[in-house]
Amino acid sequence: MKLQLIAVGRKMPGWVEAGFEEYARRMPAECSLSLTEIPARVRGKNAPVESILEKEGQQMLAAVPRGNGLIALDVRGQAWSTEALSRRMQGWMGSGRNYSLLIGGPEGLHDACLDAADIRWSLSPLTFPHPLARIIVAEQLYRAWSLLKNHPYHRG
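What counts, and where the lines are drawn
The residue numbers shown here count from 1 along each chain, following its written sequence. Local features are withheld for residues below a pLDDT of 70 in this predicted model, meaning they are given only at 70 or higher, and side-chain atom pairs are given and counted only at 80 or more; totals for whole chains, interfaces and linings count all residues. The basis for the side-chain values is all heavy atoms of the structure; hydrogens and waters are excluded. Each helix is a run of DSSP H or I of at least 4 residues and each strand a run of E of at least 2, with the numbering of both proceeding from the N terminus. Here the radius of gyration uses the C-alpha set of atoms, whereas the globule reference equals 2.2 Å times the residue count to the power 0.38. The rule is simple: take the accessible area with a 1.4 Å probe, protein chains only, and divide by the maximum for that residue type; under 20% is buried, over 50% is exposed, in between is partly exposed. In this tally Asp and Glu are treated as negative and Lys and Arg as positive; neither His nor the chain ends contributes. To locate a charge, take atom NZ for lysine, CZ for arginine, CG for aspartate or CD for glutamate. Strand pairing is defined by DSSP finding a minimum of two bridges between the two strands. Note on geometry: axes are C-alpha line fits, over the in-contact stretch for helices, and angles between N-to-C directions span 0 to 180 degrees.

Draft legend 1. Summary view of the overall build of the protein. Helix and strand content of the protein: five helices and five strands. Listing each helix as α and each strand as β along the protein from the N terminus yields β-α-β-α-β-α-β-α-β-α. The C-alpha atoms of the protein give 15 Å as radius of gyration, which agrees with the globular expectation for 156 residues (15 Å, within 12%). Expressed along its principal axes, the backbone C-alpha trace of the protein runs to roughly 50 × 30 × 25 Å. Among the 156 residues that make up the protein, the fraction classed as buried is 45%. Looking at the protein, you have 19 positive and 15 negative side-chain charges, and the mean spots of the two groups are 3 Å apart.

Right, dumping it as structure tokens:
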């Protein structure tokens, strides 16, 4: 199974790139994780936020390969424990499909992305900066995989 993280924003700080790459590198070939970055639209004082979200959403959805399952990261989505994520990952791996996960920009995801998603996943009721969410998602996916494989990384 291939997991693709599609995130708004480019030119992330080095610590964000290093954090994501660390966990993506740890993922095995059977469950690889890649990153597709969508350029963030310019946001100014009087920027048309709805238009910005719509354009970013269109680019995100266009980056999803045909046939992929779609998971939207959304604060209003379902929150899962690590064990629940691991069970979901087991199901995803058994489905024969690849999955794309969407992380929006500062204002979140456009409604078209949320409507297209098979699942809405909430990392927490807290609001995280979208660059940090990349690292959290990558680490949690690695942790869920390690739990499935009885790898010592996850010690509960």
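Further notes follow.
Draft legend 2. Representation of the sheet that holds strand S2 (residues 32-38) in the model. The five strands are arranged S2-S1-S4-S3-S5 in an open sheet whose pairing can be described as parallel. Lying at the two open borders of the sheet, with one neighbouring strand each, are S2 and strand S5 (119-122). With direction set aside, neighbouring strand axes in the sheet form an average angle of 30°. Two strands pair when backbone bridges link them, and strand S3 (residues 69-79) and S5 are joined in this way by five bridges, in the parallel orientation. Bridge pairing in S5 links Ala 79 to Ser 122.

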